[in-house]
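Chain by chain, the residues:
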Amino acid sequence: MRSAGFLSERQRRLAWLGFFLAAFQAPLAAKLIDDASWLFAVVVALVVATVILADDAQRRRPEPVNYSE
């Protein structure tokens, strides 16, 4: 059995949704707003992407071998 990540399936779906919303909102905000507040959406998208990648890495980690059996 493959080890589970630190995100539940529901949290993982919400993280992907948050990533896509922030990633699509940033260029739209850059076009519509004169200031650089769109950078916040880019930072949020990068942080959420980092969490998703860390969860993927933990899920793909092989199970530890138990030699005592």
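Residues numbered from 1 in each chain as written. Predicted model: local features only at pLDDT ≥ 70, side-chain atom pairs only at ≥ 80, totals over all residues. Heavy atoms only, no water.

### Some points on the UniProt feature "transmembrane region" (unreviewed entry) in the protein
Working step 1: According to UniProt, the positions carrying the feature "transmembrane region" (unreviewed entry) are residues 39-57.
Working step 2: Counting secondary structure, residues 39-57 comes out at 100% helix and 0% strand; the distance between its end C-alpha atoms is 27 Å. (UniProt positions renumbered as here; feature names shortened; annotations may be inferred. Helix = DSSP H or I, 4+ residues; strand = E, 2+ residues; numbered from the N terminus.)

### Digging into the pattern of salt bridges
When charged atoms on two side chains of opposite charge get close, those side chains can pair.
Working step 1: On inspection of all chains with the given rule, the structure shows four salt bridges.
Working step 2: For E9, the salt bridge goes to R59, with nearest N and O atoms at 3.2 Å. Of this pair, E9 sits in helix 1 (residues 9-32) while R59 is found in helix 2 (residues 38-60), placing the two residues 50 residues apart along the sequence.
Working step 3: In this structure, the salt-bridge partner of R59 is D55, at a minimum N-O distance of 2.7 Å. In this pair, R59 and D55 both sit in helix 2, four residues apart, roughly one turn of the helix.
Working step 4: Given a relative accessible area of 17%, R59 falls into the buried group.
Working step 5: A cluster of three or more residues bridged by salt bridges with shared partners is formed by E9, R12, D55, D56 and R59. (Salt bridge = Lys/Arg side-chain N within 4 Å of Asp/Glu carboxyl O. Buried < 20%, exposed > 50% of the residue type's maximum accessible area, 1.4 Å probe, protein only.)

### Looking at helix 1
Working step 1: Over its 24 residues, helix 1 runs 35 Å from end to end, which matches the ideal 34 Å to within 8%, given 1.5 Å per residue.
Working step 2: Among the residues of helix 1, those classed as buried are R12, A15, A22, A26 and A29.
Working step 3: Considering only its buried residues, helix 1 is in contact with helix 2. (Expected span 1.5 Å × (residues − 1). Contact = heavy atoms within 4.5 Å.)

### Re the side chain of D56
Working step 1: Counting through the fold element by element, D56 comes out in helix 2.
Working step 2: Among the residues examined, D56 registers a relative accessible area of 16% and is labelled buried.
Working step 3: Within the structure, the side chain of D56 is placed 2.3 Å from the side chain of R12, a separation counted as a polar contact. (Polar contact = N/O pair within 3.5 Å; in protein donor to acceptor, adjacent residues only side chain to side chain.)

### Some remarks on helix 2
Working step 1: A rise of 1.5 Å per residue sets the reference length of helix 2, with its 23 residues, at 33 Å; its end C-alpha atoms lie 33 Å apart and thus fit the reference within 8%.
Working step 2: Listed in full, the buried residues belonging to helix 2 are A41, A45, A49, I52, D55, D56 and R59.
Working step 3: Of the surrounding elements, those touching the buried residues of helix 2 are helix 1.

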